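Understanding the architecture of this molecule
Listed here are the chains, written in short residue letters.
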Amino acid sequence: MNGPHMIPAVGQANGQTIGDAAFRTVARHLQEQTGIVLTDVKKGLAVSRLSRRLRALQLPDFDAYCDVLSGPDGAAEMQEMVLLLTTNVTRFFREPHHYDALRTQILPGLVAKAKSGGRVRLWSAGCSSGEEAYSMAMCVLEAFPQAAPSNIRILATDIDSNMITKGQTARYQLSEDDLSEHPILLKHMVKVPGRDRYVDIAEPAKSMVRFARLNLQDPWPMQGKFDVIFCRNVVIYFSTETQQKLWPRFAKALNHGGHLMIGHSERVTGPALTPLRSVGVTHYELQAQGAMT
Ligand SMILES: C[S@@+](CC[C@H](N)C(=O)[O-])C[C@H]1O[C@@H](n2cnc3c(N)ncnc32)[C@H](O)[C@@H]1O
């Protein structure tokens, strides 16, 4: 997974440098494709991650890379660029207060709904390699061990197709911290023989999660609404304007009384704050229609 660590903040890495014009071109394409804003402090990160692409394409410098981006193979190359420039850091039960809220405040009602034949949908939007979605599935199974044959499903989407494949593969290497802090993990996983700390997500958690590639900036093809949406540590990389276009879309995608969880340094702002009431730390609830008037 790409992480923000140990990357120089200057526009230079592996002997490569990027000029201002080339950096602005890369940043413009990235923002147009994904909403992600690449500020000047990320120059070193961009150079470090894209240098291997330059080597693979046998290009002499970033000006030549920009020519590829605006040439006939530009659309395909932009997909490659997006894969390299997204930050996919994640882990099981990250920001655990959201899972506490799920367990104690939200799931009791949703489990009752599912037990009486109702449809329950949860969405991990910007799921990276799937740890967030599988953590949600584990919470659901703890609350309702027979959840799998019921109509409870979890959708996990990300713009990064490599992450979607990893989530579908459902094989992870757990850290010592994962194991000591979240003993529940091993209950829903099987150890991979001969591979230290490697695990596969076990059934039924695995089949409760469906992965799909989705760019949040594009139209969303999902028909039904969601009871719970986790979109955490995703919009932090977007401009305020892009964020403010997304909040009402999340509000619209929720059932009344549905919940939106966002990352620790993110806040819902703008007009969407009217329907979305803050009910906890980075936790919002879509108000029932009557309550909004
Ligand atoms: C830092 S990870 C967050 C993962 C997880 N939600 C968590 O909090 O642990 C951010 C994810 O957002 C995805 N992402 C970035 N821009 C996106 C977009 N426009 N549409 C969908 N996913 C996007 C990235 O590919 C990355 O996997």
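The structure displayed is predicted, hence computed values, not measured ones. (Residues numbered from 1 in each chain as written. Predicted model: local features only at pLDDT ≥ 70, side-chain atom pairs only at ≥ 80, totals over all residues. Heavy atoms only, no water.)

Counted residue by residue, strand β4 (residues 152–158) has six buried out of seven residues, so it is predominantly covered. With six bridges joining them, strand β3 (residues 120–125) and β4 adopt parallel strand pairing. Counterpart to Trp123 in the pairing with β4 is Leu155. As for the winding sense of the linkage, the β-α-β connection from β3 through helix α6 (residues 131–143) to β4 is right-handed. Here β4 pairs with strand β8 (residues 209–213) via five bridges, running parallel. If you follow Ile154 over to β8, its bridge partner there is Val209. (Buried < 20%, exposed > 50% of the residue type's maximum accessible area, 1.4 Å probe, protein only. Helix = DSSP H or I, 4+ residues; strand = E, 2+ residues; numbered from the N terminus. Pairing = 2+ DSSP bridges. Right-handed = clockwise from strand over helix to strand, strands pointing away.)

Below, the discussion takes up the site of the ligand. The local shell around the ligand holds 22 residues, among which Thr34, Thr90, Arg94, Gly126 and Asp158 are the closest. Take Arg94: an N or O atom from its side chain is 2.8 Å from an oxygen atom of the ligand. Measuring from a nitrogen atom of the ligand, one finds a side-chain N or O atom of Glu132 at 3.1 Å. Calculation on the ligand without its partners gives an accessible area of 600 Å², and the protein chains cover 99% of this total. Here the residues of the shell around the ligand are counted per class, giving seven nonpolar, ten polar and five charged. (Near = heavy atom within 4 Å. Polar contact = N/O pair within 3.5 Å; in protein donor to acceptor, adjacent residues only side chain to side chain. Areas by Shrake-Rupley, 256 points an atom, 1.4 Å probe, with all protein chains shown as cover. Nonpolar A, V, L, I, M, F, W, Y, C, P; charged D, E, K, R; others polar.)

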